[in-house]
Amino acid sequence: MSSMLPPTDSLATGVGALPHTDPRKACDEVLAVFPEIPFIPTLPARGVTESIVFCDSSRLPGGVIANDRLSVDRSLDLVTEIEQIYLDYVDQNTGPYGLTEQYASGFADMLGRTLPAPRILKCQVTGPVTFGMQVVDQDRRPLHYDEQFADILPKMLGLRARWCEQAMKAIPGVTRTLVVLNEPYLSALGSSVIAISPDGVISGWQDISSLLDDGLGIHCCSNTDWEFVMALSPALISFDAYTGSREFLLYAEALAGYLESGGVVAWGIVPADYRVFAEETRDSLLQRYQEIKKQVTEYVVPRLLDSRSLITPTCGIRFADESGASEIMETAAWISACIRSGERR
């Protein structure tokens, strides 16, 4: 069963995607800016197979990529592939679910390194709700609404997450790991337009959580039912605090309980879109975070908030060039340093 994280002490890290095409350069930069809690970057600019959903699709039964779209071909032998996922899940056979350079060049590069004792190494895996809503069959029906696929996707992605955890822990210097489920479609919880079953979300979360030993978190860059998400007891909740803090803090009492139980919040206070980022200053973003902190500390003591927080960009950095991505990451690290030194602006 997955577990909570040690104190993160308002350190900084990233979310997932970077605009780089050279995995060595991307990993070098991550390790330089975020040495204590580095993340393994995904590099969708290298090709569609490194994009969200696609990057975790190598074991999808009947999966076909054509014209930059991922779908399921039901004319193929799906039964054998589906049965194999169930068998692998029971046996915790993660070998076939490993990442390759085609799908995760950043991960492949990081595996070849020795890291200087980071507190936590972090990576992302597509969440089952988002995967199931993004991939369709030949009738353009999302897999999330297919009973069979809704059951196997969490197991397939759980095996991927377990493989990632094991692979990260095999890197010299790494002792603690965090796998974050990328779940933008959780924003549909409670929607009258897109039907997402809360029971299905809980079941899928439990399928994945039961396979992991270390941290398992959730990233959702849109507003959702945050009390529901906190009740899942993820090790980390990562969200867009730059635009969504007001809605998030509507659940302040639930947030207090979540932090007191050992949860960590990654406050995405630095815009990942360079066009928005360029309209701010480091001081204005620090002040924005301090205003959030003032509200939260009406419910918890500052020491608790500081120890159970991370500072991040709002999301993966795709709408920026490499230089702009560096500025965004360095700003997150600067804000973290100010918070940790007690500096106010």
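In this text, all values refer to a predicted model and were calculated from it rather than measured experimentally. (Residues numbered from 1 in each chain as written. Predicted model: local features only at pLDDT ≥ 70, side-chain atom pairs only at ≥ 80, totals over all residues. Heavy atoms only, no water.)

Mind laying out the overall build of the protein, listing which residues take part and the relevant values?
Assigned secondary structure in the protein consists of 13 helices and nine strands. Its C-alpha atoms give the protein a radius of gyration of 19 Å, near enough to 20 Å, the size a compact globule of 345 residues would have. Counting every position in the protein, which comprises 345 residues, the buried fraction comes to 57%. Placing the 28 positive and 45 negative side-chain charges of the protein at their respective mean positions leaves the two points 5 Å apart. (Helix = DSSP H or I, 4+ residues; strand = E, 2+ residues; numbered from the N terminus. Rg over C-alpha atoms; globule rule 2.2 N^0.38 Å. Buried < 20%, exposed > 50% of the residue type's maximum accessible area, 1.4 Å probe, protein only. Lys, Arg positive; Asp, Glu negative; His and termini not counted. Charge placed at Lys NZ, Arg CZ, Asp CG, Glu CD.)

Provide a residue-level description of the pattern of salt bridges, including the pertinent values.
For the structure on display, the rule yields 20 salt bridges. Here Arg176 makes a salt bridge to Asp214, at a shortest N to O gap of 2.7 Å. Placement of the pair is Arg176 in the loop between helix H5 (147-169) and strand E5 (177-182) and Asp214 in the loop between helix H6 (198-209) and strand E6 (215-220), with a sequence separation of 38 residues. Overall, the relative accessible area of 2% leaves Asp214 in the buried class. The partner of Lys293 in a salt bridge is Asp306, with the nearest N and O atoms 2.9 Å apart. With Lys293 in helix H11 (residues 282-296) and Asp306 in helix H12 (residues 302-307), the pair connects residues that are 13 residues apart, well separated along the chain. (Salt bridge = Lys/Arg side-chain N within 4 Å of Asp/Glu carboxyl O.)

I'd love a proper account of the sheet that holds E5, names of residues and values included.
Reading across from one edge, E1-E9-E8-E7-E6-E5-E4 is the order of the seven strands in this open sheet, with parallel pairing throughout. Edge positions in the sheet fall to strand E1 (11-12) and strand E4 (121-126), since each of these pairs with one other strand and no more. Judged from the four bridges that link them, strand E7 (residues 236-239) and strand E8 (residues 264-270) form a sheet pairing that is parallel. Paired with Phe239 across the bridge in E8 is Trp267. Docked against the sheet, H5 engages E4 and E5, running at close to 160° with respect to E4. (Pairing = 2+ DSSP bridges. Contact = heavy atoms within 4.5 Å. Axes fitted to C-alpha atoms, helices over the stretch in contact; angles between N-to-C directions.)

Give me the layout of surface pockets: which residues, what numbers.
Looking at the largest pocket, its volume works out to about 640 Å³. Lining the largest pocket are 38 residues, and of these Ala17, Asn182, Cys315, Gly316 and Arg318 sit closest to its centre. Within the residue set of the lining of the largest pocket, elements represented by two or more residues are E4, helix H4 (128-134) and helix H8 (241-248). For the lining of the largest pocket, the leading source of residues is E4, giving four residues. For the lining of the largest pocket, the residue count by class is 21 nonpolar, twelve polar and five charged. When its volume is computed, the second largest pocket comes out at roughly 320 Å³. In this structure, the second largest pocket is lined by 23 residues; those nearest its centre are Ala150, Pro154, Gly200, Val201 and Gly204. Broken down by secondary-structure element, the contributors of at least two residues to the lining of the second largest pocket are H4, H5 and H6. With six residues, H6 is the single largest residue contributor to the lining of the second largest pocket. Broken down by class, the residue content of the lining of the second largest pocket amounts to 14 nonpolar, five polar and four charged. (1 Å grid on protein atoms, 1.4 Å probe; cavity = no way out; pocket = protein on both sides within 12 Å on 5 of 7 lines; lining within 4 Å. Points joined across faces, edges and corners; volume = space filled by probe spheres on them. Nonpolar A, V, L, I, M, F, W, Y, C, P; charged D, E, K, R; others polar.)

Mind laying out the packing of H5 against H6, listing which residues take part and the relevant values?
In the contact formed by H5 and H6, the axes pass within 8 Å of each other and the chain directions differ by 30°. Viewed along their axes, H5 and H6 adopt a mutual orientation that is roughly parallel. Along this stretch, H5 crosses H6, giving a crossing that reads as right-handed. Facing H5, whose interface residues are Asp151, Pro154, Lys155, Gly158 and Ala161, H6 presents Gly204, Asp207 and Ile208. Grouping the constituent residues of the contact of H5 with H6 by class yields three nonpolar, two polar and three charged. (Parallel < 35°, antiparallel > 145°, perpendicular 65-115°, else oblique. Left-handed = near helix turned anticlockwise from the far one by under 90°.)

Any details on the packing of aromatic side chains? Residues and values, ideally.
Under the defined criterion, the tally for this structure stands at nine aromatic pairs. Their ring planes at 15° and their centres at 4.0 Å tell us that Phe239 and Phe248 sit as a pair that is stacked. Among the aromatic residues, ring-to-ring pairing joins Trp226, Phe239, Phe248, Trp267 and Tyr289 into one connected group. One cation-aromatic arrangement involves Arg59 over Tyr97; the distance from NZ or CZ to the ring centre is 5.1 Å. For Arg288, the ring lying beneath its charged end belongs to Tyr242, and the centroid distance is 4.0 Å. (Phe/Tyr/Trp six-rings, centres within 6.5 Å; stacked < 30°, edge-to-face > 60°. Lys NZ or Arg CZ within 6 Å of the ring centre and 35° of its normal.)

A description of the packing of helix H1 (residues 23-33) against helix H13 (residues 322-341) should follow, citing residues and the corresponding values.
Running from N to C, H1 and H13 cross one another at 20°; their axes reach a closest spacing of 10 Å. With respect to their mutual orientation, H1 and H13 come out roughly parallel. The interaxial crossing formed by H1 with H13 has right-handed handedness. Here Lys25, Glu29 and Val33 of H1 lie close against H13, whose contacting residues are Glu322, Ser326, Met329, Glu330 and Ala333. The residue makeup of the contact of H1 with H13, split by class, is three nonpolar, one polar and four charged.

Which residues make up the nonpolar core, and what are the values?
The biggest cluster of nonpolar side chains holds 100 residues, and the ones touching the most others in it are Leu60, Phe107, Phe248, Leu255 and Trp267. The greatest single-element share of this core, amounting to eleven residues, is contributed by H5. Of all hydrophobic cores here, the second largest spans eleven residues; its members include Leu5, Leu11, Ile37 and Leu178. (Core = buried A, V, L, I, M, F, W, Y, C linked by side-chain atoms within 4.5 Å.)

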